[in-house]
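Working through the structure, step by step
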Amino acid sequence: MATGIEYVRGDATTPLGKGPKVIAHVCNDLGGWGKGFVLAVSRRWPEPETAYRRWHRERAGNDFGLGAVQVVQVDRLLWVANMVGQHGIRTGSKGVPVRYEAIDTALDTVAERAVELGASVHMPRIGCGLAGGRWERVEPLVLARLTGRSIAVTVYDHD
């Protein structure tokens, strides 16, 4: 039974442990994929970026938007969850781009998929890089949505 989040030093694109895994990260709602953690994802696998760009391009006919999640399989037991949890890409008059409600909604979807797949969830400190969020606000969402359902979660801090 997972009771909390395991924090490790390392790279979330090389998740630790055995069994099925989902790597969760936050994307913006503009279709932009060019800075931050997504670059590490794209260095490992082309599929998440390709899928995200198609999802955004075809958004008139799909669920793309804040709080939506796209789960992309990149290996036999590995998936990347593109979570739309950031409005725009710049800090401006409306504050930072992070949207905690959207991350909360997205984490709920990720939890459902993780349970279906029997997977653990791996992530950087989502929403806290370019999105400008604070981990003190994100961590309770991760605890409530994921570890609260006994899903093992590992958070990676880059050296």
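Going by the structure above, here's the rest.
Computed from a predicted model, the values in this text were never measured in an experiment.

Moving on, we come to the overall build of the protein. Helix and strand content of the protein: four helices and six strands. For the protein, the sequential pattern of α-helices and β-strands runs β-β-α-α-β-β-α-β-α-β. In summary, the protein has a C-alpha radius of gyration of 14 Å against a globular reference of 15 Å for 159 residues, a match within 12%. Across the 159 residues that make up the protein, the buried fraction comes to 50%.

Summed over the entire model, instances satisfying the criterion amount to seven salt bridges. Between aspartate 108 and arginine 149 there is a salt bridge, and its shortest N-O distance comes to 2.2 Å. With aspartate 108 in helix α3 (residues 100–117) and arginine 149 in the loop between α4 (135–145) and β6 (153–157), this pair connects stretches of sequence that are 41 residues apart. Classification of arginine 149 by relative accessible area gives partly exposed; the value is 34%. Taking the shortest distance from any N to any O, the salt bridge between glutamate 116 and arginine 113 comes out at 2.7 Å. Of this pair, glutamate 116 and arginine 113 both sit in helix α3, three residues apart, which is roughly one turn of that helix. Under the relative-accessibility criterion, arginine 113 is labelled partly exposed at 26%.

Ranked by internal contacts, the top residues of the largest apolar core, which has 29 residues, are Met83, Leu107, Val121, Met123, Ile126, Val142 and Leu146. For this core, the secondary-structure elements that each account for two or more residues are β2 (21–28), β4 (78–86), α3, β5 (120–123), α4 and β6. Take this core: its biggest share by element is seven residues, from α3. Not counting residues up to four positions away in its chain, the partners in contact with leucine 107 are Met83, Met123, Ile126, Leu141, Val142, Arg145 and Leu146. Val41, Trp45, Trp55 and Val80 belong to the second largest nonpolar core, which has 14 residues in total.

Looking now at the packing of aromatic side chains. The final tally for this structure, using the stated rule, is four aromatic pairs. With centroids separated by 6.3 Å and ring planes inclined at 85 degrees, the aromatic side chains of tyrosine 7 and tryptophan 135 adopt a geometry described as edge-to-face. Remark: tryptophan 135 occurs in helix α4 and tyrosine 7 occurs in strand β1 (residues 5–9); sequence separation between them is 128 residues. Where tryptophan 55 meets phenylalanine 64, the ring centres are 5.0 Å apart and the plane angle is 80 degrees; that geometry is what we call edge-to-face. Overall, the relative accessible area of 7% leaves tryptophan 55 in the buried class. A residue is classified by how much of its surface remains accessible, and phenylalanine 64, at 12% relative accessible area, is buried.

Criteria and cut-off values
Residues numbered from 1 in each chain as written. Predicted model: local features only at pLDDT ≥ 70, side-chain atom pairs only at ≥ 80, totals over all residues. Heavy atoms only, no water. Helix = DSSP H or I, 4+ residues; strand = E, 2+ residues; numbered from the N terminus. Rg over C-alpha atoms; globule rule 2.2 N^0.38 Å. Buried < 20%, exposed > 50% of the residue type's maximum accessible area, 1.4 Å probe, protein only. Salt bridge = Lys/Arg side-chain N within 4 Å of Asp/Glu carboxyl O. Core = buried A, V, L, I, M, F, W, Y, C linked by side-chain atoms within 4.5 Å. Contact = heavy atoms within 4.5 Å. Phe/Tyr/Trp six-rings, centres within 6.5 Å; stacked < 30°, edge-to-face > 60°.

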